[in-house]
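# Breakdown of the fold
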Amino acid sequence: MTLPLLQRFLPACLVLLVLAAASLLVGVGDAGGSEILLASRVPRTLALILAGAGMAVAGVIMQLVAQNRFVEPSTAGTAEAATLGMLLVTLLAPDAPVAVKMLAATATALAGTALFLRVLRAMPLRARLTVPLVGIMLGGVVGAASTLIAYRTDMLQFLGTWQAGDFSTVLRGRYELLWLAAILTLVAYALADRITIAGLGRDAAINLGLDHRRVVAGAIAIVAMITAVTIATVGAIPFLGLVVPNLVATVAGDNLRRSLPLVAVSGAGLLLVCDVLGRVIRYPYEIPVGTVMGVVGSALFLVLLLRRDARHA
Amino acid sequence: MHDGLARPRLRPGHVLLLLALAALGLAVAFMTVGANGRWSFVLPFRGTKLASLLLVACAVATATVLFQTVSGNRILTPAIMGFDELYRLIQTGTVVAAGTGGLGDPRLRFLAETGAMVLFALLLYRWLLSRDERGLHLLLLVGVVCGVLFRSLSQFLQRMLDPNQFVVLQSSFFANFNTVHPELLALAALGLVAAGLGVWRLTGRLDVLLLGRDEAIALGVDHRRTLTLVLVLVAVLVSVSTALVGPVTFLGLLVANLAYRVMPSYRHAVVLPAAALIAAITLVGGQLVLERVFSLNAALSIVIEFLGGLTLLLLLARRAR
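Residues numbered from 1 in each chain as written. Chains lettered and ligands numbered in written order. Predicted model: local features only at pLDDT ≥ 70, side-chain atom pairs only at ≥ 80, totals over all residues. Heavy atoms only, no water.

Here the focus is unusual backbone geometry. All names here are of chain A. The phi torsion at Q67 lies on the positive side, around 50 degrees, for a residue other than glycine. Within the secondary structure layout, Q67 lies in the loop between α2 (34-66) and α3 (78-92). For Q67, a relative accessible area of 41% puts it in the partly exposed group. Residue F239 is not a glycine yet carries a positive backbone phi of 70 degrees. Relative to the assigned elements, F239 resides in the loop between α10 (212-233) and α11 (240-252). F239 sits in the buried class, given a relative accessible area of 3%. (Helix = DSSP H or I, 4+ residues; strand = E, 2+ residues; numbered from the N terminus. Buried < 20%, exposed > 50% of the residue type's maximum accessible area, 1.4 Å probe, protein only.)

As structure tokens, then:
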């Protein structure tokens, strides 16, 4: 990392620490009791940091691979496909261990993302704003199929828990899968240069001697796994992967090796803010972070869209 | 669209006639098959249902074809503009504010719901389309994001409800043709006829729009005005049908694409009626089969949504090849 970026990265880390401390202190019950702290607050805060960093990283990778700023797991059908996978494996093998369910969700997420990328290849490049539209429509169809199945099998409530991110049930022993997201983020960091080159487009990447197919396949595998892990443990978190990379790109550019740490830290920070908000607004009740993120994220996204467009006009 | 070399087997008028006959036959069957009660009960009971099916069919089919023409894209439906979610937000807001009992006069409520949805569309279109010339895709995306915003706000409000209220509320989230208030039909029909007249006067300009924006302007069409006008008509049509029976997302996609396939012409004067007739056949036929063969009632909208979704996937897969 160059010096100016380090200057942004270190303060961001400090802010994250402050937010994490706030997350440890806010809540019902006396945080002084070490039992509450260790069994609930610490796991919840860790889960928020891991999931927030993971989803933001998944978003930035998708945007590079799809060569479109408005793509992320929830606007490309990836999240909906992972949810469908969770639903199917829960219906077919209710007693399967979580790892198996996650594998199934990863497989469907991969299939959904691959379909989306195939559709993209057939679209003209200039259709910048049509790309997320098609992704959202695709997600809508997969979501409708899940709803149909869940409606028929009395699983609507389960579906609800995967569709809306909620950290209120995170306890020690029930979030550790999310460390996988951290490992995947590290893998992404190791592949950062290659993914950045893949983001220049297929022809340019091949000219530069990159095995474009393999890098893209690896990148979407990382995205699918991060999405599946997050949905299996805490549910879908909309727009995080969209807003954070866009904001970070304005200060750190598109070189993944440089921007990735900042993306991860900012994603974790934004999710922490939203979760603490959800815990405070209707104290002592909670509003799930997926809902808060839906409101905050879509509002931020609207601002991004309109501002970007004003600049072009 | 057929190419000029392959000779069309049927003329557009003939196709329309065949579709109309099929729709009429199904409507008659719907009114009479298995009717073993007193006609004074059966006729108004089934008549209400048939009328609401036909209204929704016309509204959704017309809205989708119009929307696809102005957006130049055959895999979009107006439902992605956030209308469904706005409808659900209004439903949720009413229940939160007034409880499940205090919903008031259904006619008043229908007018309020339609009014709110059209107003939303008008504000959005006016604001965004005046920003710049290629605002349409931006408009679509903003509509989509508004949909997510509305959905999150509904979920937020639903957190404030007790479970009993939530169950009542949830039933209004799926399209339902069985519990339509007869007094709403006249209102909905009025809105549909008004919008239909507007569409009829536009058909010529719509055909020109199919050529693309630049060509349409070169041929003397006021592109922005026409676009706004069409989108407002779409908003009225979608709002009327949503307020009448609830959200139907993918029906339009199914019937519009079927209409493009069976019609040996791209002219809106024949494609629009064809899409409406196909929608009528799908809805009335589907309801008939479900009621008489499978004796299920509420599942029609879900089945059709699924078929419509499959259509989309097929279209996407074909484009991808």
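So, about the UniProt feature "transmembrane region" (unreviewed entry) in chain B. UniProt's entry tags residues 50-67, 110-129, 135-153, 229-258, 270-290 and 296-317 of chain B with the feature "transmembrane region" (unreviewed entry), counted in the numbering of this structure. Secondary structure within residues 270-290 of chain B divides into 100% helix and 0% strand; the distance between the first and last C-alpha atoms comes to 30 Å. (UniProt positions renumbered as here; feature names shortened; annotations may be inferred.)

Turning our attention to a positive patch on the surface. All names here are of chain A. The grouping of R118, R121, R202 and R213 at the surface amounts to a positive patch. Inspection of the secondary structure assignment puts R121 in helix α4 (residues 98-121). Judged by its relative accessible area of 66%, R121 falls in the exposed class. (Patch = residues over 30% accessible without salt bridge, like charges linked within 9 Å, V, L, I, M, F, W, Y side chains within 5 Å. Areas by Shrake-Rupley, 256 points an atom, 1.4 Å probe, with all protein chains shown as cover. Salt bridge = Lys/Arg side-chain N within 4 Å of Asp/Glu carboxyl O. Lys, Arg positive; Asp, Glu negative; His and termini not counted. Charge placed at Lys NZ, Arg CZ, Asp CG, Glu CD.)

Our next topic: the UniProt feature "transmembrane region" (unreviewed entry) in chain A. Residue and element names in this part refer to chain A. Here the UniProt-annotated "transmembrane region" (unreviewed entry) positions come out as residues 45-65, 99-117, 129-151, 177-195, 215-240 and 285-306. The span residues 129-151 carries 96% helix and 0% strand; its end-to-end C-alpha distance comes to 33 Å. The distance separating the terminal C-alpha atoms of residues 215-240 is 24 Å; by composition the span is 77% helix and 0% strand.

Residues and elements named next belong to chain A. Summed over the entire model, instances satisfying the criterion amount to 6 salt bridges over all chains. Of the charged contacts in the structure, one is a salt bridge between D275 and R44, with a shortest N-O distance of 3.0 Å. With D275 in helix α12 (residues 256-281) and R44 in helix α2, this residue pair connects regions lying 231 residues apart in the sequence. Pair check on accessibility: D275 and R44 agree, each one buried. Here the residues in one salt-bridge network are R44, D275, R279 and E286, joined through shared partners.

Glancing now at the confidence of the model for chain B. Segments scoring low in pLDDT should not have their predicted coordinates read at a detailed level. All names here are of chain B. Scored by pLDDT, chain B has a mean of 79; 86% of the residues are at 70 or more. Confidence scores differ between elements of chain B, with helix α12 (residues 300-320) showing the lowest mean pLDDT of 69 and helix α1 (residues 12-32) the highest of 89. Overall, residues 1-5 carries pLDDT values under 50, and its contacts beyond four positions in sequence, including any with other chains, amount to 4 contacts. Per the prediction output, this complex has pTM 0.75; the corresponding ipTM is 0.70. (pLDDT = per-residue confidence, 0-100. Contact = heavy atoms within 4.5 Å.)

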